[in-house]
Amino acid sequence: MGEFDDYPATKMTADAAEDNYDFLHGAVGTAHYLLQYRRQNPLVVTHLEQLVDGLEQKAVPVGATALKWDFMKSEAGESNINISLSHGMSGIAVLLSKMVGARIAVEKSTDLLQKTIHYLLSQEVDPQKYVSCFPSRSLESDKRYYYSRLSWCYGDLGVALALYYAGVTLRAENWRRKAIDILIYNSTRKDLRANSVHDAGICHGASGIAHIFQRMYIETKLPVFREAAVYWYGITLDFGNDPEGLAGYVKHQPAVEEPVASTDFLEGISGIGLSLIHAISDIPPTWDECLFIS
């Protein structure tokens, strides 16, 4: 893969230069791919160190102990600071945890990680008022609506994963405990409509929720997470009864009236199938690292 790695490394650098630190569509996701090849290709480490340098340069300080990245401005140029796992700062936090674990720019990655977590924690809202513990975007980006859906892509589950793995990496037990508390609260969120759960896909559907709770059961051995996983696996099976679907599954697309069947990983039956295999296997999955779940 050596020669091929030149392309994603170049693309990662170009995305970072344009402030595109998105996990699914930008530099953070590419960096995560390249991390897997750091031992085979020494030049990869240089590119990753440069990415950390870029993150440091583009970071916006918030007081003395926190920072943020404004890399998802609206078309009007307004601030749109995203804190989600799929597109925002939670994804950056997990990548930085992995950088520290891989011993890449350790001192700088550690400093950025600590300040990123401090910012994420500053975004907490009252779940009794807003249903979720965190908004999808930062408090200053959306002053009207702090609710967030229950899913892998947006909301509390992704923020909790970022806190948990940062806590494990830096041995910060208070962060790890905070992540567990957030997840325990979210295990009580079971109303499909209230939590915007409309299908079974991994990205924003029931199988992704189930998989995260099952993974956290493996990590913590807390029965509450196993119970939550079983509930959401049940919902996943309930969704698999559409005659227009593949294996009974269709994906929800608000702008499309007709059901949409999909084989893909994020929204279709490939991802649902992998999650269901995880539900009945005693072997912890390794594939979910590609989603920052492990």
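It should be noted that the structure appears before, not after, this text.
None of the values given here were measured: they were computed from a predicted structure.

A few points about the overall build of the protein chain
Within the protein chain, the regular secondary structure consists of 11 helices and two strands. In the protein chain, the succession of helices and strands from N to C terminus is α-α-α-β-β-α-α-α-α-α-α-α-α. Whereas a compact globule of 294 residues would reach a radius of gyration of roughly 19 Å, the protein chain reaches 19 Å, a difference of no more than 12%. Expressed along its principal axes, the backbone C-alpha trace of the protein chain runs to roughly 50 × 45 × 45 Å. Per-residue burial for the protein chain yields a buried fraction of 50% across its 294 residues.

Side note on the packing of aromatic side chains
Per the counting criterion, the structure on display carries eight aromatic pairs. Between Phe23 and Phe292, the ring centres sit 4.1 Å apart and the planes meet at 10°, which makes this aromatic pair stacked. Of the two residues, Phe23 sits in the loop between helix H1 (2-17) and helix H2 (27-35) while Phe292 sits in the segment after helix H11 (269-280), which places them 269 residues apart along the sequence. In this pair, the class of Phe23 matches that of Phe292, namely buried. For the pair Tyr231 and Trp232, a centre-to-centre distance of 5.1 Å together with 85° between the ring planes defines the contact as edge-to-face. Residue Tyr231 is classed as partly exposed on the basis of its relative accessible area, which comes to 27%. In this structure an aromatic cluster arises from ring pairing among Phe23, Trp152 and Phe292. Across from the ring centre of Tyr231, 5.0 Å away, lies the NZ or CZ of Lys190, which sits over that ring.

Quick notes on the side chain of Ser196
On the secondary structure map, Ser196 appears in the loop between helix H8 (173-186) and helix H9 (206-220). One polar contact links Ser196 to Tyr147, side chain to side chain, over a distance of 3.1 Å. Once you skip the residues sitting within four places of it in the chain, Ser196 turns out to touch Tyr147, Arg149 and His204.

Considerations on the pattern of salt bridges
If you walk through the whole model with that rule in mind, you get 13 salt bridges. The shortest N-O distance in the salt bridge between Lys58 and Asp19 comes to 2.7 Å. Separated by 39 residues along the polypeptide, Lys58 in helix H3 (residues 42-58) and Asp19 in the loop between H1 and H2 bring together distant segments of the chain. Taking the shortest distance from any N to any O, the salt bridge between Arg189 and Asp156 comes out at 3.6 Å.

Topic: the nonpolar core
What tends to happen in soluble globular proteins is that the nonpolar side chains get buried as a cluster. Tyr21, Leu48, Leu51, Trp69, Trp152, Phe213 and Trp232 are the most contacted members of the largest nonpolar core, which has 76 residues in total. No other element matches the nine residues that helix H7 (residues 156-170) contributes to this core.

Remarks on H9
The terminal C-alpha atoms of H9, which comprises 15 residues, lie 21 Å apart, in line with the 21 Å expected from a rise of 1.5 Å per residue. In terms of burial, H9 is a largely internal element, 12 of the 15 residues being buried. Along H9, the positions that sit buried rather than exposed are Ala206, Ser207, Gly208, Ile209, Ala210, His211, Ile212, Phe213, Gln214, Arg215, Met216 and Thr220. Check the buried side of H9 and you find it contacts H7, H8, helix H10 (223-239) and H11.

Rules behind the numbers
Residues numbered from 1 in each chain as written. Predicted model: local features only at pLDDT ≥ 70, side-chain atom pairs only at ≥ 80, totals over all residues. Heavy atoms only, no water. Helix = DSSP H or I, 4+ residues; strand = E, 2+ residues; numbered from the N terminus. Rg over C-alpha atoms; globule rule 2.2 N^0.38 Å. Buried < 20%, exposed > 50% of the residue type's maximum accessible area, 1.4 Å probe, protein only. Phe/Tyr/Trp six-rings, centres within 6.5 Å; stacked < 30°, edge-to-face > 60°. Lys NZ or Arg CZ within 6 Å of the ring centre and 35° of its normal. Polar contact = N/O pair within 3.5 Å; in protein donor to acceptor, adjacent residues only side chain to side chain. Contact = heavy atoms within 4.5 Å. Salt bridge = Lys/Arg side-chain N within 4 Å of Asp/Glu carboxyl O. Core = buried A, V, L, I, M, F, W, Y, C linked by side-chain atoms within 4.5 Å. Expected span 1.5 Å × (residues − 1).

Honestly, it's all geometry; don't read function into it.
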